[in-house]
Amino acid sequence: MNRIITTFFALILIQQVQAQFQVRDSALFDPHVSVIFGYQSPSGDMAKRFRDNLCAGLGFHIKSKKNWYYGVEGTYIFGKSVNEPGLLNNLLTNDGFVLDNQGQLVKMNIQERGFTLSLDGGKIFDFIGPNKNSGLLVMGGAGLLQHKIRLEHQENTITQLEGEYLKGYDRLTNGLMLKQFVGYYHMSNNRLVNFFVGIEAIEAFTQNRRDFNFDTQTADTAQRRDYLFGIKAGWTLHLYVRAADAYYYN
């Protein structure tokens, strides 16, 4: 039994050493999954409604042997600060409160929610980092940005803020999104520390998708320009397979 255990750990060590030389000495074909986190500040029309937000998501990307970088990514946007003048005005009492169906005061939680979906493409320039698979990552993307106002009233029942009625207040907005990312992409020689970090800019051409806003009694058909700027980082799980051993003969 001791011999089996010793052999098992010896094989693991040999594979780790071989993988380390592989990563360090050559550019790899590298499909990977990333767990993504970010902090963003809005600008343009988006800054009139929301403040800073966080985002979290997943990405699947491929790094080619020539360090081209491409894939798909989705993030979930969430924030606590909303500034929408007049929101719920038609439901407020003279004292500025919302009442539920039983006439009791309701504490409203008003938050930001949204998401991004994108197709990405770019390149890694390997003049920095521990190996040919690490370096400056420059990437662009295109896809969809969507955001809305989340109205939460916990366990209270408010007919005017449920079902189809809720759509008249949530300001659901979406449209075409473009994005740019510049940062550092890192693949360690031993495959244990793999991440990226950098700055990202998002520009979106959006519009309110609800037919009618109940509080303003108007339809919002204005074209919007929504922008997000922030820091984004991710931890990557690599799916590449160790290349076959090479043999040389004289």
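Before reading on, note that the structure itself is shown above.
Here the structure is a predicted model, which is why all the values come from computation and not from measurement.

Draft legend 1. Fine view of the overall build of the protein chain. When you go through the protein chain residue by residue, the secondary structure sums to 3 helices and 10 strands. The buried share of the protein chain, reckoned over its 250 residues, is 42%. Counting contacts in the protein chain only where the partners sit at least 6 residues apart, residues at least 24 apart contribute 73% of the total. Roughly 14,100 Å² of accessible area belongs to the protein chain as shown, and the carbon and sulfur atoms make up 61% of that amount.

Draft legend 2. Main features of the environment of Leu91. In this fold, Leu91 is placed in the loop between β3 (68–79) and β4 (98–99). Sequence spacing of Leu91 and Leu161 is 70 residues, and the spatial spacing of their C-alpha atoms is 9.6 Å. Among residues more than four places away in sequence, those in contact with Leu91 are Phe97, Val98, Gln160, Leu161 and Tyr169.

Draft legend 3. Focus on empty space enclosed by the protein. Under the criterion given, the structure shown has 3 cavities of 30 Å³ or more. Taken as a whole, the largest cavity holds about 70 Å³ of empty space. If you trace the largest cavity, you find it lined by Gln40, Cys55, Glu73, Thr75, Thr116, Ser118, Met177, Lys179, Glu200, Ile202 and Lys232. Among the elements of the structure, β3, β6 (109–125), β8 (173–187) and β9 (194–208) are those that each provide at least two residues to the lining of the largest cavity. For the lining of the largest cavity, the residue count by class is 3 nonpolar, 4 polar and 4 charged.

Draft legend 4. Expanded view of the packing of aromatic side chains. One pass over the structure, following the stated rule, counts 6 aromatic pairs. Summarising the aromatic geometry, the rings of Phe181 and Phe196 are spaced 5.9 Å apart at their centres and angled 85° between planes, so their arrangement reads as edge-to-face. Residue Phe181 is located in strand β8, and its partner Phe196 is located in strand β9; the two are separated by 15 residues in the primary sequence. For the pair shown, Phe181 and Phe196 are each scored as buried.

Draft legend 5. Local environment of the nonpolar core. Of all hydrophobic cores here, the largest spans 20 residues; its most connected members are Leu88, Met108, Leu145, Leu151, Leu161 and Tyr169. Where this core is concerned, the elements lending two or more residues are β7 (135–152) and β9. The dominant element in this core, judged by the number of residues it contributes, is β7, at 3 residues. Setting aside anything within four residues of it in sequence, one finds Leu161 in contact with Leu88, Leu91, Met108, Leu151, His153, Leu166 and Tyr169.

Draft legend 6. Broad picture of the pairing of β3. Alternating residues of β3 divide into Tyr69, Gly71, Glu73, Thr75, Ile77 and Gly79, all buried, and Trp68, Tyr70, Val72, Gly74, Tyr76 and Phe78, none buried. As paired strands, strand β2 (residues 53–63) and β3 are joined by 10 bridges and run antiparallel to one another. When the bridges of β3 are listed, Cys55 appears paired with Ile77. Remark: 4 residues form the turn of the hairpin made by β2 and β3, two consecutive strands paired antiparallel; Asn67 in that turn has positive phi of roughly 70°. For β3 and β6, the ladder comprises 12 bridges, and the chain directions are antiparallel. Bridging from a neighbouring strand, Gly79 pairs with Glu112 of β6.

Draft legend 7. Seen up close, the sheet that holds β6. As summarised here, the arrangement of the 8 strands in space is β1-β2-β3-β6-β7-β8-β9-β10, forming a closed barrel in which the pairing is antiparallel. Between one strand axis and the next, the sheet turns through 25° on average, direction left out of account. Both β9 and strand β10 (residues 223–238) contribute to a ladder of 13 bridges, which runs antiparallel. If you follow Phe205 over to β10, its bridge partner there is Arg225.

Draft legend 8. Summary view of the pattern of salt bridges. This structure, assessed with the given rule, holds 13 salt bridges. Arg171 is the partner of Glu84 in a salt bridge, and the nearest nitrogen-oxygen pair spans 3.1 Å. Taken as a pair, Glu84 in the loop between β3 and β4 and Arg171 in the loop between α3 (163–166) and β8 lie far apart in primary sequence, 87 residues in all. One salt bridge connects Lys179 with Glu200, and the closest N-O pair in it is separated by 3.8 Å. Residue Lys179 is located in strand β8, and its partner Glu200 is located in strand β9; the two are separated by 21 residues in the primary sequence. Taking relative accessible area as the criterion, Lys179 reaches 5% and is therefore assigned buried.

Cut-offs used in this document
- Each chain has its residues counted from 1, running along the sequence as written.
- Selection of residues for local features in this predicted model requires a pLDDT of at least 70, selection of side-chain atom pairs for listing and counting requires 80 or more, and totals for whole chains, interfaces and linings are taken over all residues.
- Processing note: side-chain calculations cover all non-hydrogen atoms of the structure and skip hydrogens and water entirely.
- Secondary structure elements follow DSSP: runs of H or I of four or more residues count as helices, runs of E of two or more count as strands, with numbering from the N terminus.
- The classification of residues rests on relative accessible area computed with a 1.4 Å probe and restricted to protein chains. Under 20% of the type maximum is buried, over 50% is exposed, and intermediate values are partly exposed.
- Contact criterion: two residues are considered in contact whenever any of their non-hydrogen atoms come within 4.5 Å of each other.
- Note on areas: Shrake-Rupley, 1.4 Å probe, and residue coverage restricted to the protein chains presented here.
- A cavity here means a set of 1 Å grid points, computed over protein atoms only, where a 1.4 Å probe fits but cannot escape. A pocket is an open set with protein on both sides within 12 Å along at least 5 of 7 lines, and lining residues have an atom within 4 Å of a point.
- Grid points are joined across faces, edges and corners, and a volume is the space filled by probe spheres set on the points.
- Note on residue classes: Ala, Val, Leu, Ile, Met, Phe, Trp, Tyr, Cys and Pro are nonpolar, Asp, Glu, Lys and Arg are charged, and everything else, Gly too, is polar.
- Two aromatic rings from Phe, Tyr or Trp, using only the six-membered ring of Trp, form a pair when their centres are within 6.5 Å; if the ring planes differ by under 30 degrees the pair is stacked, by over 60 it is edge-to-face, and anything between is tilted.
- Each nonpolar core is a collection of buried residues, namely Ala, Val, Leu, Ile, Met, Phe, Trp, Tyr and Cys, held together in the definition by side-chain atoms within 4.5 Å.
- Here, strands pair whenever DSSP counts at least two bridges between them.
- Lines fitted to the C-alpha atoms define the axes, with helices restricted to the stretch that makes contact. Angles between their N-to-C directions range from 0 to 180 degrees.
- Here, a salt bridge means any Lys or Arg side-chain nitrogen found within 4 Å of an Asp or Glu carboxyl oxygen.

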